[in-house]
Amino acid sequence: MQQHTLRSKGVIHFTNQSTRPLNELWFHLYLNAFKNNRSLFLRNPFALGRSGQTLQEYGYIKVDRLQSAKYGSENLWLKSSPHSPGDPDDATDISVPLPAPILPGESVDLNIEFTSHLPPVLERTGYAGSFHFAGQWYPKLAKLEPNGHFAHFAFHPHSEFYADFGDYDVRISAPSSFTIGSSGNRMEEKTQKGIRTTRFVLRQAHDFAFTAWDGFQVLSEKIGPVTVRLLFPSWHQANALRSLAALRFALPYANELYGPYPYETLTVVHPPEAGADTGGMEYPGMITTGGLWFEPYLGSHAIEAVTVHELLHQWFYGLLASNESETPFLDEGLTSYAETGVMEALFGAGSAFSGVGLDVSVAALHRTNAAFYAGDENIGQPARQFTGFQALGGLVYSRAATILLTLERTWGKAKLAAALRSYTARFRFGHPTPADFIASIEQGLGANAGQFLRTALFERGFIDLKVESIASRRKPIAQGFWTEGAPQVSSQPPATDRESKQWLGRAVVVRRGNLKLPFDVALHLKNGKTERRHLDGSADSLVIDYQGASELSSVEIDPDLKIPLDQDLFNNARAVAPKPARRALDLLLTFAQLLGLGVLP
Amino acid sequence: MTRAARSAVAVFGFWILSLVAGLLLSLPWFSGIEAQGVGGFADGELVLMRQGGAYLLEMLRLGSAQFQSLLLPTLALGLVTTFIGLIPIAGLIVAVVSETGGSRSMFSRACGHWFEFSVLRMITFLIQGAVVLTAWLLAQRPAPLGWDIRQANGLSLAVFAVAGCLLAVVGCLQDLVRVLLVERSGALSIPRLIRAGWHMVRTESLKLLAIWSALAGAALLIAGLIGAGSLAWVRDHTFATWCVQQLLFVGLILLKLLWFSSLAAAVARERYTRSV
């Protein structure tokens, strides 16, 4: 533990499930991302990764031996490529040529021995004092696609992971004072000479992580059939209880929406402050949360939000194991969307923050973040192609979630829920692609919804609805020449049109961008009443005419905010005579005076 | 002119200046909010308070460039009003310290103290700035590896709490020096300041300060609630609300007057004990 080094050996039972003989194997050595400051992950001097931090000490993974009975006693790793393809400074994507091919359907046992030296905590893995978090700590076989190609890639700072499902049977030995938390079920424990060995078993999963610390408190509770095991620093009990309360609601909620959680246990880790960078991450059967201990007292629901978000990854990543490197929106976008629903069901309009008379929802935060990056880059592109992690966050997390919120509010929550249920059922323990996802939505919501998604995700989809102009006036009294039932011309208009008690109104509404969505328009009248019009949204611009007994006062597009994707919410309304913002002035003046009174002395 | 009348004039002058300064400081921000087009909505600016906060966040997003550009001018204006505001502060002290004189002589005496008050203000700014900077630098230091979150956050909180107390102490000492400067019953010296400070601590002054702080906090909270549209009954009575707020504000100025009066009493006690 003091050396922060894991010495491991094990057996990989591998079956070639593709249609092609395999002449090589590809391994991801993700921990080598922290080997030196020339790796693909760390070489960028502008620190464009998730945490934006750099390392003072480094970590690595070294495979000492890879051997199989099929190939005799030969150490296959000796012939492995020294670095990632085309990148001499990176060693996270390594191929191992095989002396003889593994045929389709054939299984081999690969004996492997390796050493993992953890760096100080950075980007979800490492150590901080006696706290250790081992994520991506072992040589991980790249995902073998059905066509016989391995989906392998060097570890990019924007990217996450992609792997095949497998069964994990892991024994972890650590000083007996340490508490171990891990993916999978704890099976048995043995203590000898102060070293405790715990066996964990995790079936049908595509990753395995664990943590060890001598400062963890443990809290366990059964939520339905699932045993939730929380590990947290003792002073975080209040936060752990908040996480637990959120899970009590979210776990059954997600089971209902996306199918049952697949494992018997869920380990929830709240890291200590020095290891905070390991927080907010998902692994099959294990999630990490985080947050400041005083946060709950400030009206923030951040701890619940991160707990719910990582839990929902058990579906969108865990069970639906899409390629996070190639299409990160499929896990992060769907998870962020699902998170808004759970958080809203839990906390209502103040799902992100509630206090001092203000409610801020997770959906509103996503919408705002999404609007910052609208149209900048394609949401559906691979993680490595994003210009920075902030852009990735804005587009993949927030904009994708906002797209789905727009879909939900426009096509209906129940319909989208049904489509997502069908998607999660069909690709459970599978590897869905964007095409699979869009096809599922199309099947549930129709072709327009599918087209909307394609444009929004892959064509930098954009929409801005705007009230271009508004006018209101009394209907003019008829004037001029008239022919009423007689051949001769008269200067008398029809009797019904000689005086006007009617008002006319007109608003011009325009739609900018390449997304077409139906929307409502509210016509607010001076007598306090409101008329609603529903427009199909196909036209680029249109004129809305009004005639009635009351004067048209203002017009608002999408008053229920069914299109949170709308780029500018403030051009959605226009009044004939705009209202003065007296309350804002009053508030600002009072604050200025009060602060002045504090400053003036 | 009686002391009560002079005090009333001083409070009025303070209020007028705070109103003008407040308007100058807040009008550009108000224009920034209005420019977003909140007036186009049927519920006007209350659109910002719609559930979920989407419109409030949208205002901050769309107006971020404008609001950022307002920060520096607001700070500069705030600094100018801070120094101009030293005149009505001196007026408050003159009102409670002087035995005689009308409003004109009070005003000229207050103006006469402007330069030394300004120097004092700058010295206080420097000391307070140093305190804030030190606290900020200390709080920015990364927690040592192995430190737990409570230790790390606790340290930050403690640093800011100590800094806040220091700022308050420096502010109180500044007020005391101001009173000593206006009162002019003897040379200004450190021992005298300490003695007067001791009398200040022994008397009711600190209680007054606590009441003043509590009321200022309550006024901020009420202003926030009103602004957030939480108190439905004031939504359509902006002028009435403004009147209530201003009355509350005048009450705070009166408390400030009492605070100076209390300090003047502490200084008088110091003078008396010195003389006997």
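Residues numbered from 1 in each chain as written. Chains lettered and ligands numbered in written order. Predicted model: local features only at pLDDT ≥ 70, side-chain atom pairs only at ≥ 80, totals over all residues.

### Examining the overall build of chain B
Working step 1: Helix and strand counts for chain B come out as 10 helices and zero strands.
Working step 2: Each helix and strand of chain B, placed in order from N terminus to C terminus, yields the pattern α-α-α-α-α-α-α-α-α-α.
Working step 3: Each of the 276 residues in chain B was classed as buried or not, and the buried ones make up 32%.
Working step 4: The contacts in chain B between residues at least 6 apart in sequence include a share of 78% that link residues at least 24 apart. (Helix = DSSP H or I, 4+ residues; strand = E, 2+ residues; numbered from the N terminus. Buried ≥ 20, exposed ≤ 12 C-beta atoms within 10 Å, placed from the backbone. Contact = placed C-beta atoms within 7 Å.)

### Focus on the overall build of chain A
Working step 1: Check the secondary structure of chain A and you find 10 helices and 29 strands.
Working step 2: Along the three orthogonal principal directions, the C-alpha set of chain A runs to about 115 × 70 × 50 Å.
Working step 3: A buried classification covers 49% of the 601 residues belonging to chain A.
Working step 4: Contacts in chain A between residues far apart in sequence, at least 24 positions, make up 68% of those at least 6 positions apart.

### Observations concerning the domain arrangement of chain B
All names here are of chain B.
Working step 1: If you check the domain split of chain B, you get domain 1 (1-112), domain 2 (117-184) and domain 3 (193-276).
Working step 2: Taken residue by residue, the interface counts 10 residues in domain 1 and 11 residues in domain 3.
Working step 3: At the level of elements, helix H1 (3-35) and helix H4 (86-97) are the ones that each hand at least two residues to the side of domain 1 that touches domain 3.
Working step 4: Here the residues of the side of domain 1 that touches domain 3 sort into nine nonpolar, one polar and no charged. (Domains from an automatic or database assignment. Nonpolar A, V, L, I, M, F, W, Y, C, P; charged D, E, K, R; others polar.)

### Some remarks on the interface of chain A and chain B
Working step 1: Listed per partner, the contact involves 61 residues of chain A and 61 residues of chain B.
Working step 2: The element best represented in the side of chain A that touches chain B is helix H10 (residues 582-599) of chain A, accounting for 16 residues.
Working step 3: When the residues that make up the side of chain A that touches chain B are grouped by side-chain class, the tally is 39 nonpolar, 12 polar and 10 charged.

### Here's the deal with the sheet that holds strand E27 (residues 541-548) of chain A
Within a sheet, adjacent strands bond to each other through the backbone by hydrogen bonds, running parallel or antiparallel.
All names here are of chain A.
Working step 1: Strand order across the open sheet formed by three strands is E23-E24-E27, with antiparallel pairing between neighbours. In the strand order of this sheet, the two ends are held by strand E23 (464-474) and E27, each with one partner. For this sheet, the mean inter-axis angle between neighbouring strands, taken without regard to orientation, is 15°.
Working step 2: Pairing geometry for strand E24 (residues 503-512) and E27, over eight bridges, is antiparallel. Residue pairing in the sheet places Arg506 in a bridge with Asp545 of E27. (Pairing = 2+ DSSP bridges. Axes fitted to C-alpha atoms, helices over the stretch in contact; angles between N-to-C directions.)

### Describing the sheet that holds strand E15 (residues 210-213) of chain A
Residue and element names in this part refer to chain A.
Working step 1: Taken in spatial order, the four strands line up as E6-E7-E15-E12 in an open sheet, and their pairing is antiparallel. A strand with exactly one partner marks an edge of an open sheet, and here the two such strands are strand E6 (126-128) and strand E12 (179-182). Neighbour-to-neighbour, the strand axes of the sheet open up by a mean angle of 10°, direction not taken into account.
Working step 2: In terms of strand pairing, E12 meets E15 through four bridges, oriented antiparallel. Across the sheet, residue Ile180 finds its bridge partner in E15, namely Ala212.

### Concerning the domain arrangement of chain A
Working step 1: Looking at the assigned domains, one finds that chain A contains domain 1 (1-157) and domain 2 (464-583).
Working step 2: Measuring from the centre of the C-alpha atoms in domain 1 of chain A to the corresponding centre in domain 2 of chain A gives 64 Å.

### Observations regarding helix H2 (residues 54-62) of chain B
Working step 1: Among all positions in H2 of chain B, only Ala54, Tyr55, Leu57, Glu58, Met59 and Leu62 of chain B are buried.
Working step 2: Close packing links the buried residues of H2 of chain B with helix H5 (362-372) of chain A together with H1 of chain B.

### Some remarks on the pairing of strand E14 (residues 195-205) of chain A
Residue and element names in this part refer to chain A.
Working step 1: Alignment of strand E11 (residues 166-175) against E14, held across nine bridges, turns out to be antiparallel. Paired with Gly166 across the strands is Ala205, a residue of E14.
Working step 2: Direction of pairing for strand E13 (residues 185-192) relative to E14: antiparallel, over a ladder of seven bridges. Its bridge partner being in E14, Gln192 is matched across the sheet by Ile195.

### Overview of the environment of Phe131 of chain A
Residues and elements named next belong to chain A.
Working step 1: Considering the arrangement of structural elements, one finds Phe131 in strand E7 (residues 131-134).
Working step 2: Residue classification places Phe131 among the buried positions, given that 26 C-beta atoms sit within 10 Å.
Working step 3: Put simply, Phe131 and Ala212 are 81 residues apart on the chain and 6.2 Å apart in space, counted from C-alpha to C-alpha.
Working step 4: Non-local contacts of Phe131, meaning those with residues more than four positions away in its chain, are made with Trp213, Gly215, Pro271, Pro272, Ala274 and Gly275.

### Some details on the pairing of E13 of chain A
Working step 1: Here E13 of chain A lies mainly on the outside; zero of its eight residues are buried.
Working step 2: Hairpin connection, E13 of chain A to E14 of chain A: the antiparallel pair is bridged by two residues, and Lys193 of chain A has positive phi, about 50°.

### Here we look at the nonpolar core
Working step 1: Ranked by size, the top nonpolar core spans 178 residues in total, and within it Ala250, Val308, Leu311, Leu312, Ala400 and Leu588 of chain A carry the most contacts.
Working step 2: Here this core gets 11 residues from one element, more than from any other, and that element is helix H6 (residues 389-411) of chain A.
Working step 3: The residues contacting Ala400 of chain A, other than those within four sequence positions of it, are Phe329, Gly333, Ser336 and Ile379 of chain A.
Working step 4: Within the second largest apolar cluster, 32 residues are counted, among which are Ala10, Phe14, Met106 and Val177 of chain B. (Core = buried A, V, L, I, M, F, W, Y, C linked by C-beta atoms within 7 Å.)

### Details of the environment of Gly444 of chain A
All names here are of chain A.
Working step 1: Summarising the element assignment, Gly444 is placed in helix H8 (residues 434-445).
Working step 2: Gly444 gets classed as partly exposed once you count the C-beta atoms within 10 Å, which come to 19.
Working step 3: Excluding anything up to four places from it in sequence, Gly444 contacts Lys415, Ala418, Ala419 and Ser422.

### A closer look at the packing of H4 of chain B against helix H10 (residues 238-275) of chain B
Residues and elements named next belong to chain B.
Working step 1: Contact geometry for H4 and H10: axes closest at 9 Å, N-to-C directions at 55°. Here H4 is positioned oblique relative to H10, judged by the angle of their axes. Helix-helix and strand crossings are classified by hand; for H4 and H10 the assignment is right-handed. From H4, Leu92, Ile93, Val96 and Val97 reach across to H10, where they touch Lys256, Leu257, Phe260, Ser261 and Ala264.
Working step 2: Partitioning the contact of H4 with H10 into residue classes produces seven nonpolar, one polar and one charged. (Parallel < 35°, antiparallel > 145°, perpendicular 65-115°, else oblique. Left-handed = near helix turned anticlockwise from the far one by under 90°.)

### Re unusual backbone geometry
Residues and elements named next belong to chain A.
Working step 1: Located in the positive-phi region is Tyr317, a residue other than glycine, with phi close to 145°.
Working step 2: Mapped onto the elements, Tyr317 comes out in helix H3 (residues 314-319).
Working step 3: One non-glycine residue, Asp558, lies in the positive phi region at around 50°.
Working step 4: Note that Asp558 resides in the loop between strand E28 (552-557) and strand E29 (573-575).
Working step 5: The class for Asp558 is buried, based on 21 C-beta atoms found within 10 Å.

### Details of helix H4 (residues 329-347) of chain A
Residue and element names in this part refer to chain A.
Working step 1: Given a rise of 1.5 Å per residue, 19 residues ought to cover 27 Å, and the 25 Å separating the end C-alpha atoms of H4 matches this to within 8%.
Working step 2: Across the 19 residues that make up H4, a large majority, 15, are buried.
Working step 3: Positive phi appears at Gly348, one or two residues downstream of H4, with a value of about 70°. (Expected span 1.5 Å × (residues − 1).)

### Here we look at the packing of helix H1 (residues 237-258) of chain A against H4 of chain A
All names here are of chain A.
Working step 1: Viewed as axis vectors pointing N to C, H1 and H4 meet at an angle of 125°, and their least axial separation amounts to 10 Å. The angle between H1 and H4 places the two elements in the oblique class. When the axes of H1 and H4 are compared, the crossing they make is right-handed. Touching Ala246, Phe249, Ala250 and Tyr253 of H1 are Val342, Ala345 and Leu346, all from H4.
Working step 2: For the contact of H1 with H4, the residue count by class is seven nonpolar, no polar and no charged.

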